[in-house]
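# Summary of structural features
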Amino acid sequence: MDSVTLRLLSWMGEVVCEPPNNKLDRFVGTLYWKDSRYPLDNEKLLLRGCVLRNTEWCFGMVIFAGPQTKLMQNCGRTAFKRTSIERLMNTLVLWIFGFLLCMGIILAIGNSIWEEKVGKNFRDYLVWEDVLSNSVFSGFLTFWSYIIILNTVVPISLYVSVEVIRLGHSYFINWDRKMYYGQRDMPAEARTTTLNEELGQVEYIFSDKTGTLTQNIMVFNKCSINGKTYGDVYDEFGHKVEISEKTPCVDFSFNPLRDKKFHFYDHSLVEAIKLGDPMVEEFFRLLALCHTVMSEEKNEGELVYQAQSPDEGALVTAARNFGFVFRARTPETITLYEMGKHVTYQLLAILDFNNVRKRMSVIVRNPVGQIKLYSKGADTILFDRLDPTNDDLMYTTSEHLNEFAGEGLRTLALAYKDLDEEYFADWMKRLHIASTTLENREELLASLYEEIEQDMMLLGATAIEDKLQEGVAETIACLTLSSIKIWVLTGDKLETAMNIGYSCNMLRDDMNEVFIITGHTVLEVQQQLRRAKEQILGSGRETANCSKDAEKTEQYRNDSVFEETITSEYALIINGHSLAHALEADLECLLLDTACLCKTVVCCRVTPLQKAQVVELVKKYKRAVTLAIGDGANDVSMIKTAHIGVGISGQEGMQAVLASDYSFAQFRYLQRLLLVHGRWSYYRMCRFLCYFFYKNFAFTLVHFWFGFFCGFSAQTVYDQWFITLFNIVYTSLPVLAMGLFDQDVNEQNSLRQPKLYEPGQLNLLFNKRQFFMCTLQGIYTSCVLFFIPYGAFSNTVRDDGSHIADQQSFAVTIATSLIIVVSVQIGLDTNYWTAVNHFYIWGSLTVYFSILFAMHSDGIFRIFPSHFPFIGTARNSLTQTSVWLVILLTAVICVMPVVAIRFLRTDLYPTLSDKVRHMQQASRKQRPQEQNLKRVRRTSSRRSAYAFSHQEGYGELITSGKNMKAARLFPAPPTGRIPGSSSWIESLLKKRTEMASGAAVGPLNGSAERSKSENTPVQQQHID
């Protein structure tokens, strides 16, 4: 090691390469060393975040670092996220500040006029200084005095209260046990406190597929061998039966090297192996040999497979359990244990996978000296390279593949070929020459691969299930009913993404049409998108060409309204190279317009940067709240770009979680995050803001009205201590309690009635109109609070006949009326009463009267005579019956119009929330049963073609031996008999969701039947 390090220190070379870019699948460079040139390509480049396996150390050269790395080039910028309510709140505060200036100007002008016409008559008694002899200057000073007095109308404390409420909502998410995933001890986590209310306004969800919708855990489910399918379970009458806990699984105890986590239910497959069926043995032998998996055995018999894709791991594990155990490999050999026998194959060549070939092959020499080629890949690719004698078997296997793909399984075709010794020797010479050529190396190798992979013999096909996470279909159905549009952005192949789309009911056979955009040029993509849009809208609606001006915005508003009138259901599927053209400036609006008219949008083979561009496109033109959810590093860019980023802590590390705003372990928790926590947070924040603005206007504008009756002298109505404590002590806690705990309906009905989510999407609960309504209510309340006591006190006397109309008694009366009115108002605004609400509201009233009598007491006046001048006022005023009658009258006139309006509105024009709340209150003990969302099996002629998650370059890595540890021999495991039996499990039937067309409130069953297109075949437009 030390000698190697010393030699490395003396190494002198130069690398010339392309500049930093975001293309993950391409690298071009040249290494100059000792007057020689060595080509550098993507196979020799390790991306940031890669993990070394099967090697303890390596030497490398850093080409790009920091923000120049390809991964960081795909991540995008980190932007500070703010909610739409926060932006509106900032605007309203500016408006309120402008309103404050207007009030100050009005009162200042009034002061100047009053001093000029009336105030000069008092100067003989109250002599002015020379500097104040000008009434205009007096008005100027009065302006600033009123700005100070009326500054409470500007809600400075609002921001503090908002942050406290947001913090509380974040803790509610963190503490939610129904979002806790016990298998990995992982609770939900709100990683930010600034976006909670925007969770209740989401219109678009952009989701990754693998690891987000699926578990990213592949399971060997079914197979077809020599024209016979294995994997279905039949009863004694020959009928298929579904799997259950009582279904017996295959006993693999005969195999000491089995994977105990592997389960299979068709005993006939083990029976075939026991009988020595040569095709079945060759099938599993291919699975055990044709791969790039690495094997580790730290303890005797405990094999750990390290596969670059879960698909390969599942296939090798299946072969392992059926008696063909991949045990070890070197650059030249592969060691298997076939039915308990030690067998070593000489590895002659690996014909590696790439996106063009869509297959991989290995060439091995078996112990008897035969040279065999084993290949696996897409059925559409392998079927074209089969020997003509395989036609009948190919047709039978194709039918099986249709059935497998119809169940959403990922399929592969398997084939083999016996090679002639002389031909193979000649082919190897030509392969060596091609592999050392610097120019056109890839084309030469591809030509040789194509030559030898001809006239192969078909073995069969495999079907792997990438299981959906629990509750994915139900979650998507519920979110769709809440008018949220879900787009899937995945790096997987088109066929795989479509299968998962069918599995989770985003794609259905009763859709009117599924548009597949696969154009390779800008013109082709444009034609395909226009054709799809015209077919959706019909010939009577002209295709719109949008631009970035106001006319474009209005066009999109019209399109958004038109979307609601489209009763047919369409789906748009577009692949990565077509999406690259569609995201150009000339086509992006056409893409968005077409996609928004479709019920389902799936983007396949997209790069991380393209995911972010799609999200940015919707943000830019639709002005809708977006949410991105993913689990891997390739989702970071999308998560950062969306308004809300959600990370799933799955199999691909924590990078998505670390870049997210919220995180949890399962996709199904998104339903609760949005429909319960998000909706409640939005509802609570809106109610809080409406009440807060109302309260501030009602409190402050009393000074404005009083200014017209005090000569505009900037005299305050209230005691200074009341002004100080009003927002801090008297009214702070009740409104916080409402903002933290209030709810219109409970969580069960929030989930049963997804339509309750729509007011947040439409921004109905707090907007500029609602703000003006709150302002008008506050102005009305302030008028009543001032003028009724003012008019009453002008003709009122005490019980002993003395006059009651002093300024201090007037101030106490108005302050007491204000506290009672705002307390009654928050009681009317509260829909969900808790002990905390009761304690804070009644406690605030108690604290007010306690402080009031304490500050007006004789004792505190003796201690601080200059600070508490209202000595005895509370005692003298609040003991008078007339004062309490004035307070009662003021409170009734303030509150009764609000009560009447709300009663009439609820009775005549009830909202869905009103109806649900009424039913909830009427039947608290009787809970309606939630209709189960069912899925039905779909039959389709569509198959997955090639669902093999593989990457190019692993074959060369293995044959070079650079990733190998020192080989060691393992003793052969004991042999045993294979128990035979016959039966297996039928795959879980894929069912179609019966969605509700609206939120029926009657029995609150949460589902209404959606009208479906009857006898409408699925049309799939495949435009090449």
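Residues numbered from 1 in each chain as written. Predicted model: local features only at pLDDT ≥ 70, side-chain atom pairs only at ≥ 80, totals over all residues. Heavy atoms only, no water.

## Some points on helix α33 (residues 912-922)
- Considered for burial, the residues of α33 that qualify are Ser913, Asp914, Val916, Arg917 and Gln920. All buried residues of α33 lie within an arc of 165° about the axis, which places them on one face of the element. Exposed and oriented more than 90 degrees from the buried face of α33 are His918 and Ala922.
- Of the surrounding elements, those touching the buried residues of α33 are α25 (747-752) and α32 (881-908). (Buried < 20%, exposed > 50% of the residue type's maximum accessible area, 1.4 Å probe, protein only. Helix = DSSP H or I, 4+ residues; strand = E, 2+ residues; numbered from the N terminus. Arc of directions from axis to C-beta. Contact = heavy atoms within 4.5 Å.)

## So, the state of the cysteines
- In the structure shown here, the tally under the stated rule is zero disulfides.
- Between Cys596, a free cysteine, and Cys598, which holds the nearest cysteine sulfur, the sulfur-to-sulfur gap is 9.0 Å.
- With a relative accessible area of 3%, Cys596 lands in the buried category.
- Of the cysteine sulfurs around Cys604, a residue in no disulfide, the closest is that of Cys603, at 7.3 Å.
- For Cys604, a relative accessible area of 0% corresponds to the buried category. (Disulfide = S-S within 2.5 Å.)

## Focus: the packing of helix α3 (residues 84-117) against helix α27 (residues 768-793)
- Relative to each other, α3 and α27 sit at 40°, their axes nearing to 11 Å. Between α3 and α27, the interaxial angle falls into the category oblique. Read as a crossing pair, α3 and α27 show a hand that is right-handed. Residues Leu88, Leu92, Trp95 and Ile96 of α3 form the contact with α27, whose participating residues are Lys768, Phe771 and Phe772. (Axes fitted to C-alpha atoms, helices over the stretch in contact; angles between N-to-C directions. Parallel < 35°, antiparallel > 145°, perpendicular 65-115°, else oblique. Left-handed = near helix turned anticlockwise from the far one by under 90°.)

## A few points about unusual backbone geometry
- Of note, Met339 is a non-glycine position whose phi angle comes to about 50°, a positive value.
- For Arg623, which is not a glycine, the phi torsion comes out positive at approximately 55°.
- Looking at the element boundaries, Arg623 is found in the loop between α19 (608-622) and β21 (625-630).
- Looking at Arg623, the relative accessible area reads 59%, which means it is exposed.

## Focus: empty space enclosed by the protein
- All chains considered together, the criterion is met by seven cavities of 30 Å³ or more.
- Considering only enclosed or pocket space, the largest cavity measures out at about 100 Å³ in volume.
- Every residue along the wall of the largest cavity is listed here: Tyr718, Asp719, Phe722, Tyr730, Ala811, Val812, Ala815, Tyr848, Leu852, Met855, His856 and Phe870.
- When contributions to the lining of the largest cavity are tallied by element, the ones reaching two or more residues are α23 (720-730), α28 (807-829) and α29 (835-855). (1 Å grid on protein atoms, 1.4 Å probe; cavity = no way out; pocket = protein on both sides within 12 Å on 5 of 7 lines; lining within 4 Å. Points joined across faces, edges and corners; volume = space filled by probe spheres on them.)

## Regarding the sheet that holds strand β16 (residues 457-468)
- Strand order in this open sheet of nine strands is β7-β6-β16-β15-β14-β13-β12-β11-β10, and the pairing throughout is antiparallel. Only two strands of the sheet have a single partner each, and these edge strands are β7 (228-230) and β10 (324-329). Each adjacent strand pair in this sheet contributes to an overall mean axis angle of 30°, direction not counted.
- Of the pairings in the sheet, the one linking β10 to strand β11 (residues 333-338) comprises five bridges and is antiparallel in character. (Pairing = 2+ DSSP bridges.)

## Some words on the packing of aromatic side chains
- Per the counting criterion, the structure on display carries 54 aromatic pairs.
- The interplanar angle of 85° and the centroid separation of 5.2 Å between the aromatic rings of Phe283 and Phe284 together place this pair among those described as edge-to-face. Considered together, Phe283 and Phe284 belong to a single accessibility category, that of buried residues.
- Within the aromatic cluster, the residues linked to one another by ring pairs are Phe704, Trp705, Phe706, Phe708, Phe709, Phe712, Phe786, Phe787, Tyr790, Phe793 and Phe810.
- Of note, Arg320 hangs over the ring of Tyr305, and the distance from its end group to the ring centre comes to 5.4 Å.
- Its guanidinium or amino end placed over the ring of Phe692, Lys695 lies 4.3 Å from that ring's centre, counting from NZ or CZ. (Phe/Tyr/Trp six-rings, centres within 6.5 Å; stacked < 30°, edge-to-face > 60°. Lys NZ or Arg CZ within 6 Å of the ring centre and 35° of its normal.)

## Comments concerning the confidence of the model for the protein chain
- Here the protein chain averages 82 in pLDDT, while 84% of its residues score no lower than 70.
- Residue range residues 928-948 is modelled with pLDDT below 50. Its contacts to residues more than four positions away, or to other chains, number 91 contacts.
- In the model, residues 966-1024 has pLDDT below 50 throughout and makes 187 contacts with residues more than four positions away in sequence or in other chains. (pLDDT = per-residue confidence, 0-100.)

## Brief notes about the pairing of β21
- In terms of residue burial, β21 counts as a mostly covered element, since six of its six residues are buried.
- Every second residue of β21 is oriented toward a common face, with Val625, Leu627 and Ile629 on one face and Thr626, Ala628 and Gly630 on the other, all of them buried.
- Taken together, the five bridges between strand β5 (residues 202-207) and β21 define a ladder with parallel strand orientation. Pairing of Phe206 across the sheet is with Ala628, part of β21.
- The sheet contact formed by β21 and strand β22 (residues 644-648) spans four bridges and is parallel. Bridge assignment links Gly630 to a residue of β22, and that residue is Gly647.

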